[in-house]
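# Fold and contact review
The primary structure of each chain is shown beneath.
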Amino acid sequence: MMNKQESNSMNNKQNELFARFPELSMSEIHGNTLYLESNASSYHTICKDLNGQLAFPLVSMFASDDRERTGSFTIHTVFANRQSGILISVALPVDPSTSAFPSLCELIPAAALYEREIHDLFGLRPMGHPNPKRLVFHGNWPKNQYPLRKEFPVNQRPDFADEKIEFTRIDGEGVYEIPVGPVHAGIIEPGHFRFSLAGEPILNLEAQLYFVHKGIEKLIEGKTIEQGFYFSERISGDETFTNSLAYCQAIEKIAGLQVPVRASFTRVLFAELERITSHLGDLAGICQDVAYGFASYQFKMLRGWCYRIADELCGMRFLRSVNTPGGIRKDFIQGKEETLTKLLAELKKELTETEAIVMHNSLFVDRIENTGILKHKIAVDLNATGPGGRASGVDFDVRKAFPYEAYASLTFEVPVQSDGDVSSRMKVKLAECFQSISLMQQVLEQIPQGIVREEIGILEPYRSAYSLTESPRGENIHYIMTGENNTILRYKVRTPSFCSWPALCHAVSGNIVPDFPLINKSFNLSYAGNDL
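Now for a description of the structure that goes with this document. Note that the structure is a prediction, hence the values are computed from the model and not measured. (Residues numbered from 1 in each chain as written. Predicted model: local features only at pLDDT ≥ 70, side-chain atom pairs only at ≥ 80, totals over all residues. Heavy atoms only, no water.)

### Some points on the packing of helix 8 (residues 261-289) against helix 17 (residues 516-523)
For the pair helix 8 and helix 17, the least separation of the axes is 8 Å and the interaxial angle reads 170°. Compared by their axis directions, helix 8 and helix 17 come out roughly antiparallel. The residues of helix 17 that touch helix 8, namely those facing Asp282, Gly285, Ile286 and Asp289, are Pro517, Leu518, Lys521 and Ser522. Per-class residue counts for the contact of helix 8 with helix 17 are three nonpolar, two polar and three charged. (Axes fitted to C-alpha atoms, helices over the stretch in contact; angles between N-to-C directions. Helix = DSSP H or I, 4+ residues; strand = E, 2+ residues; numbered from the N terminus. Parallel < 35°, antiparallel > 145°, perpendicular 65-115°, else oblique. Contact = heavy atoms within 4.5 Å. Nonpolar A, V, L, I, M, F, W, Y, C, P; charged D, E, K, R; others polar.)

### Let's talk about the packing of aromatic side chains
Here the structure, examined in full by the defined rule, presents 19 aromatic pairs. The interplanar angle of 50° and the centroid separation of 4.8 Å between the aromatic rings of Phe62 and Tyr479 together place this pair among those described as tilted. Here Phe62 is found in strand 3 (residues 58-66), whereas its partner Tyr479 is found in strand 14 (residues 474-482), with 417 residues between them in sequence. On the accessibility criterion, Tyr479 (3% relative accessible area) is buried. Among the aromatic residues, those joined into a ring-pair cluster are Phe193, Phe195, Trp501, Phe516 and Tyr527. Directly above the aromatic system of Trp305 lies the positively charged group of Arg308, at a separation of 6.0 Å from the ring centroid. Sitting over the ring of Phe412, Lys400 keeps its end group 4.3 Å from the ring centre. (Phe/Tyr/Trp six-rings, centres within 6.5 Å; stacked < 30°, edge-to-face > 60°. Buried < 20%, exposed > 50% of the residue type's maximum accessible area, 1.4 Å probe, protein only. Lys NZ or Arg CZ within 6 Å of the ring centre and 35° of its normal.)

### Some points on the packing of helix 9 (residues 293-313) against helix 10 (residues 337-358)
Contact geometry of helix 9 with helix 10 gives a least axis separation of 11 Å together with a crossing angle of 170°. Between helix 9 and helix 10, the crossing angle belongs to the class labelled roughly antiparallel. Facing Phe294, Ala295, Gln298, Phe299, Met301, Leu302, Trp305, Cys306, Arg308, Ile309, Glu312 and Leu313 of helix 9, the residues of helix 10 in contact are Thr339, Leu340, Leu343, Leu344, Glu346, Leu347, Glu350, Leu351, Thr354, Ile357 and Val358.

### Some words on the sheet that holds strand 14
Across the sheet, three strands lie side by side as 13-14-15; this open sheet has antiparallel pairing. The open sheet has two edge strands, strand 13 (464-471) and strand 15 (488-494), and neither has a second partner. Sheet twist, expressed as the average angle between the axes of neighbouring strands with direction ignored, equals 15°. Strand direction decides the pairing type here: strand 14 and strand 15, joined by six bridges, are antiparallel. Among the inter-strand pairings, Ile477 is bridged to a residue of strand 15, identified as Arg494. (Pairing = 2+ DSSP bridges.)

### Regarding helix 2 (residues 40-51)
With 12 residues, helix 2 should reach 16 Å at 1.5 Å per residue; the first-to-last C-alpha distance of 17 Å fits that figure. Of the positions making up helix 2, those classed as buried are Ser42, Tyr43, Ile46, Cys47, Asp49 and Leu50. The buried side chains of helix 2 occupy one side of the element, clustering within an arc of 165° when seen end-on. (Expected span 1.5 Å × (residues − 1). Arc of directions from axis to C-beta.)

### Re the sheet that holds strand 10 (residues 202-208)
Here we have three strands laid out as an open sheet, ordered 8-9-10, and antiparallel in their pairing. Because the sheet does not close on itself, it has two edges, and the strands there are strand 8 (175-180) and strand 10. On average, each strand axis in the sheet is inclined to that of its neighbour by 15°, with strand direction left out of account. Inspection of the sheet shows strand 8 paired to strand 9 (residues 192-198) by six bridges, in the antiparallel sense. Of the residues in strand 9, the one forming a bridge with Pro179 is Arg194.

Structure follows, in structure tokens:
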């Protein structure tokens, strides 16, 4: 719920928007989100001005099938005012008879993938899109089959199709292609990468993902709030907690429920444990990819120490079944404060010593500097967030811009670098590890006594909410609309990997193919988190 100051800020922003765009109509204000309704004639201009003149980045874009209630589909285009901590969600009705809407991608580059996804899943055509090729579906999915339309049965097995999906071709003397994947030598998920090269330098990289698409958005339709929670935990194994937290927060916003303070502090501790565990795995992988064995083993050992903390807290390294709508399932910290404080002190000491050794190794530093540079403008245009964006000078963290849980009560810095290379991404992740340790220590010092859970109760149908969390990879946005009898009508997840995969493709340009594993690991994007 908003306090008086937040309410005044929202009202001021609302008045500014309506003065600027008199053709808009307001649907409602809910939490920190301003819901606006547009039409086809004004949609293009409104989105252009929100993104361009007001510099509000496009952070999500998706469709919903509302024909039973409103007679139309709806495109939801979401912008963020990160200075005020406000989301602006612009709804555009789409006539089912035409199934067309105006494309934004020539004005807003980040819209390109969203519009291709909408076309695949709903059959709504982005008019003016320069390259509306398939994104989610490969050549084996039949045409005119749109699984997120309500009439598509969840258990339907479509006929096998055989359509060739063309990759971008770059012609010229000496230009050739190298296909990599989708099956890789390591124990990683599948993804196909098509390199175009002239000699050794990479001219272009195109990534084809969605080999592990799970259909979560369809499977969750009609499920109860409790059942939906378990889906959220299984989006991506190494972001279990942050995804379940975003799901819970969206449900809690719809319910108008404030979780107990002790639960808010506990959630911060688990979120930071997941962050540092993820970052240590990334750091180990970077060192391994340049054959720096000592450093790789050190970071792997430290990651194992984080699993000791997870085992002490909940006995589950994936941190599942910790959250629940309304708080947390039990008091996981009670009686363990002294042990956790000791483990964190040991972790900080060993990490400090490891950092000093690794980052003063000149051969290693020379290998990671000026490799895989993601330029600041590209990072901004594609909404690359998290360590990947912050290493390119994007000074943004959800925990600061959209404070949630107990973060507003705690002290921490957001590490930012400007060079945008592998070294910068590594420095950001190392610095974030120390910030995470500090945040967990503050939680143990400041956490109050009290209950850890409130009951959700009965939710009003056809209510919606957005929730943002800062996952280990960056800005994570979940949208939920409730159905009748405490069920889920629409669930949309946009993990940071969706935004950062295109950024990775830009970062490898000008490098050589042997640099790709190193650059890829420095981003460490999620296949499962992208392939919902």
